[in-house]
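Chain by chain, the residues run as shown.
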Amino acid sequence: MTSVSERTPLLHQDTAIDIRETVDESVCTAHADENTPSSQIFREELGTITRYSLPVFGTQLLEHSFMVASVISLGHLSTLALASATLGMMTASVTGYSLVQGSSSALDTLLPPAWTSNTPHMVGLWTQRMTLMSAFALVPILVTWFNAETILLVLRQDPEVARLAGVYLKYASWGLPAYTFNCISSLCHRRYFQSQGLFTVPTRIIVAIAPINVFLNWCFVYRLGLGFLGAPIATSLSYTLVSLVSIVYAYLFVPRTAWVPLGSGVWKGWGLLARLGVAGVGQVASEWWCWELVGCNLGPVPLAAQSVLLLSASCTFQAPFSLSVATSVRIGNLLGEGKARRAGLVARTSIFMGMAMAGILCTLFLVFRNKWAYMFNSDPEVVSLVASIIPLLANVQIFDTTSAIVSGILRARGMQGVGALLSLCSYYVLGIPLGLVLAFHFGFGLAGLWIGLSTALASIATIGSFIGIISVDWEIEVERARRRVGGKESECQGTR
């Protein structure tokens, strides 16, 4: 198979058998769902989505621990080090990581329905296309990172904070190729694994690397005396290890059912991939930018407090994000199988699960509000400011959870563009202006910015729920999914 495209047929019947066996059990035909009570489907999907979500949550949380370890190790050096690292990570997120994550979300639309359609080889082909396309993103991001100090000074950041943030980015750039491979190529591979129901594969990899990352941070920052430089170096090495282990694992242990050799087909379909990728950047990056940029001009203590709050929100967000990924994959699989009714019920089941999750997170923040900041920094001013804003952070959990799940549903439906428009309007027309007015005109400070964020998320959750769930004709979504992945209508053969 030197040249593979959307029209390349499956070569062997036994391959189709292997494909059917790798997907977990469900109802035998799309028509069977029509006679199944909604309560039974709810119970079935509650278990399925939970099984899908837990390993994704483990993967996301442990990978996020790379940043947590970095912040904790630097936070106990000094408030200046914490503020500088925070600004460096904010800049990295705004100019690099968010773009990578957003563009890769195109695979949430393409891979799951391709896997359960009659063209499962498209999983490998779309992954190859995204991997190749991602290579062109490295150069402009690296140029920005190596000139970060100048850019931050133009934006009127504190000179010493800007200098250290620039240093942080230069050393963090060592891991950018690995991160790009991990979140575009390897995140492609992650989507490649997840779209086939292999949710535990990335978890196994990250479980092995996360403790190594913690050790490297401690060793470089304190044991070897590298101080501020040690954290970005440790994080870069950890991302590289994840990439290398992912490649070896995929080559040695993952079945080649959906993988195909490189051929001329890899250059086709870039238009669709680019459209979904750009829309994904608008959906994901607009939200990242909003969260990362708020509070960056309030001074070292608010910036340090913002670091604690953002890192806390990011850690707890891994739970709804994991549910979002599981929902996106599950709905995509069901659309590929032609199970419209079940796909709609999955969307509603996920919202129910999200609300229960948000209640637990709210309680967690409120119970430990006065002690929370001590995990990251011992400055009394930082601790007091964090404690005063944590009730707002707890309130954010409700809307943030719902908006995350809605985003996953929109990705499964190929509606990243709608999600991007909703995010842009909610954050930049409503949330940020309101937050800035409250923060600077009415003197609310950092709390005002968080009120603005909460308002934006409430808007996304409310409008997104109507667009993504309430007003959807899932039969039409089935046909759209088949057209996107280049598949044809296929008969259900007792699979799932």
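Residues numbered from 1 in each chain as written. Predicted model: local features only at pLDDT ≥ 70, side-chain atom pairs only at ≥ 80, totals over all residues. Heavy atoms only, no water.

## Let's talk about a nonpolar patch on the surface
Here is step 1 of the chain: A surface patch of nonpolar side chains, about 420 Å² in accessible area, is lined by L77, F215, W218 and Y222.
Here is step 2 of the chain: Here F215 is to be found in helix α10 (residues 200–223). (Patch = residues over 30% accessible without salt bridge, like charges linked within 9 Å, V, L, I, M, F, W, Y side chains within 5 Å. Areas by Shrake-Rupley, 256 points an atom, 1.4 Å probe, with all protein chains shown as cover. Salt bridge = Lys/Arg side-chain N within 4 Å of Asp/Glu carboxyl O. Helix = DSSP H or I, 4+ residues; strand = E, 2+ residues; numbered from the N terminus.)

## With respect to the UniProt feature "transmembrane region" (unreviewed entry) in the protein chain
Here is step 1 of the chain: Taking the UniProt record as the reference, the feature "transmembrane region" (unreviewed entry) is found at residues 132–154, 174–193, 205–224, 236–254, 345–368, 388–409, 421–444 and 450–474.
Here is step 2 of the chain: End C-alpha to end C-alpha, residues 132–154 measures 34 Å, and it is 83% helix and 0% strand. (UniProt positions renumbered as here; feature names shortened; annotations may be inferred.)

## Re helix α13 (residues 300–337)
Here is step 1 of the chain: The first and last C-alpha atoms of α13 sit 53 Å apart over 38 residues, in line with the 56 Å expected at 1.5 Å per residue.
Here is step 2 of the chain: If you look at α13, its biggest bend is around 35°, right at Q318, and the proline P320 turns up within four residues after that.
Here is step 3 of the chain: The buried fraction of α13 is high, at 33 of 38 residues.
Here is step 4 of the chain: Looking at the residues trailing α13, positive phi occurs at G338, about 85°. (Expected span 1.5 Å × (residues − 1). Bend = angle between axes of the 7 residues up to and from the residue. Buried < 20%, exposed > 50% of the residue type's maximum accessible area, 1.4 Å probe, protein only.)

## Focus on helix α3 (residues 79–104)
Here is step 1 of the chain: For α3, with 26 residues, the first-to-last C-alpha span of 35 Å sits near the 38 Å given by 1.5 Å per residue.
Here is step 2 of the chain: Along α3, the sharpest kink reaches roughly 50°, centred on S93.
Here is step 3 of the chain: The element α3 is extensively covered by neighbouring structure, given that 23 of its 26 residues are classed as buried.

## As for the environment of T203
Here is step 1 of the chain: Along the chain, the position of T203 falls in helix α10.
Here is step 2 of the chain: The spatial distance from the C-alpha of T203 to the C-alpha of L54 is 9.5 Å, given a sequence separation of 149 residues.
Here is step 3 of the chain: In this structure, T203 is in contact with P55, V56 and T59, ignoring residues within four places of it in sequence. (Contact = heavy atoms within 4.5 Å.)

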